[in-house]
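# Observations on the three-dimensional arrangement
Chain by chain, the residues run as shown.
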Amino acid sequence: MLDRARIEQVCTYMLDGDLNLTEIAELVGYSQLSALTRSFKRIMGASPAAWRRQQVTPLAPSVKSPAPSVNSPDGN
C-alpha cells in the first residue's frame, strides 16, 4: 500500500518534469533508484522512462480525408 502511494507521487513528479528520477526517488523515500524502478515496474507495468515517454507523447488523433464530392463540376 505504501509503495502504491509512493508511485502515485512519482508519477506526479515525473509529469511535472522539473526533477530527474534520482531526485524523485529521494523525495518519495527510496534509498536507491533501482528500488524505485523495481516498484514502479511491478505496480505500473512499465519502467519509469517508458511510462514518462507514453505520457509525454500521446497518441495522435487519426486524420480523415474529406469525402470526395458526389456532384461533378459540370452538374452530372
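Before reading further, recall that the structure is shown in the block above.
Notes on the structure follow. All values derive from a computational prediction rather than experimental measurement. Here the residue numbers are simple positions, counted from 1 along each chain's written sequence. This being a predicted model, a pLDDT of at least 70 is required before a residue's local features are given, and a value of 80 or more before pairs of side-chain atoms are given or counted; all residues contribute to the totals for chains, interfaces and linings. Derived side-chain values reflect all non-hydrogen atoms in the structure, with water molecules and hydrogen atoms excluded from consideration.

### Regarding the environment of E26
- Every helix listed is a DSSP run of H or I at least four residues long, and every strand listed is a run of E at least two residues long, numbered separately from the N terminus. On the secondary structure map, E26 appears in helix α2 (residues 21-28).
- Linking E26 and L36, residues ten residues apart in sequence, is a C-alpha distance of 9.3 Å.

### Some thoughts on the packing of helix α1 (residues 2-16) against helix α3 (residues 33-44)
- Angles here are taken between N-to-C directions and fall from 0 to 180 degrees, while the axes themselves are lines fitted to C-alpha atoms, restricted in helices to the stretch in contact. Between α1 and α3, the least distance of the axes is 10 Å, while the angle of their chain directions is 100 degrees. Considered as vectors, α1 and α3 are oriented roughly perpendicular to each other. Packed against α1, whose contacting residues are D3, R4, I7, V10, C11 and M14, the element α3 presents L36, S39, F40, R42, I43 and M44 at the interface.
- Across the contact of α1 with α3, the residue classes break down as eight nonpolar, one polar and three charged. Each angle gets one of four labels, with under 35 degrees taken as roughly parallel, over 145 as roughly antiparallel, 65 to 115 as roughly perpendicular, and the rest as oblique. Two residues qualify as a contact provided that any one of their heavy atoms is within 4.5 Å of a heavy atom in the partner residue. Gly is placed with the polar residues, together with every amino acid not listed as nonpolar (Ala, Val, Leu, Ile, Met, Phe, Trp, Tyr, Cys and Pro) or charged (Asp, Glu, Lys and Arg).

### Some words on the side chain of S39
- Along the chain, S39 turns up in helix α3.
- Residue contacts for S39: discarding those within four places in its chain leaves D3, I7 and Y30.

### Description of the nonpolar core
- Buried residues of nine kinds, namely Ala, Val, Leu, Ile, Met, Phe, Trp, Tyr and Cys, make up a nonpolar core once their side-chain atoms join them within 4.5 Å. Remark: exposure states derive from per-residue accessible area (1.4 Å probe, protein chains only) relative to the maximum for the residue type, with buried under 20%, exposed over 50%, and partly exposed in between. Counting residues in each nonpolar core, the largest one holds 14 residues, and the members touching the most others are I7, V10, M14, Y30, L36 and F40.
- Contributions of two or more residues to this core are made by α1, α2 and α3.
- Contact partners of I7, with chain neighbours within four places excluded, come to Y30, L36, S39, F40, I43 and M44.

### Re the pattern of salt bridges
- Salt bridge criterion: a side-chain nitrogen from Lys or Arg within 4 Å of a carboxyl oxygen from Asp or Glu. One pass over the structure, following the stated rule, counts two salt bridges.
- We note a salt bridge from D3 to R6, for which the minimum N-O separation is 3.9 Å. With D3 and R6 both in helix α1 and three residues apart, the pair spans about one turn of that helix.
- Judged by relative accessible area, D3 falls into the partly exposed class, the value being 24%.
- Residue R42 pairs with D3 through a salt bridge whose shortest N-O separation is 2.8 Å. Placement of the pair is R42 in helix α3 and D3 in helix α1, with a sequence separation of 39 residues.
- A relative accessible area of 55% places R42 in the exposed class.
- What emerges from the salt-bridge pattern is a single network uniting D3, R6 and R42.

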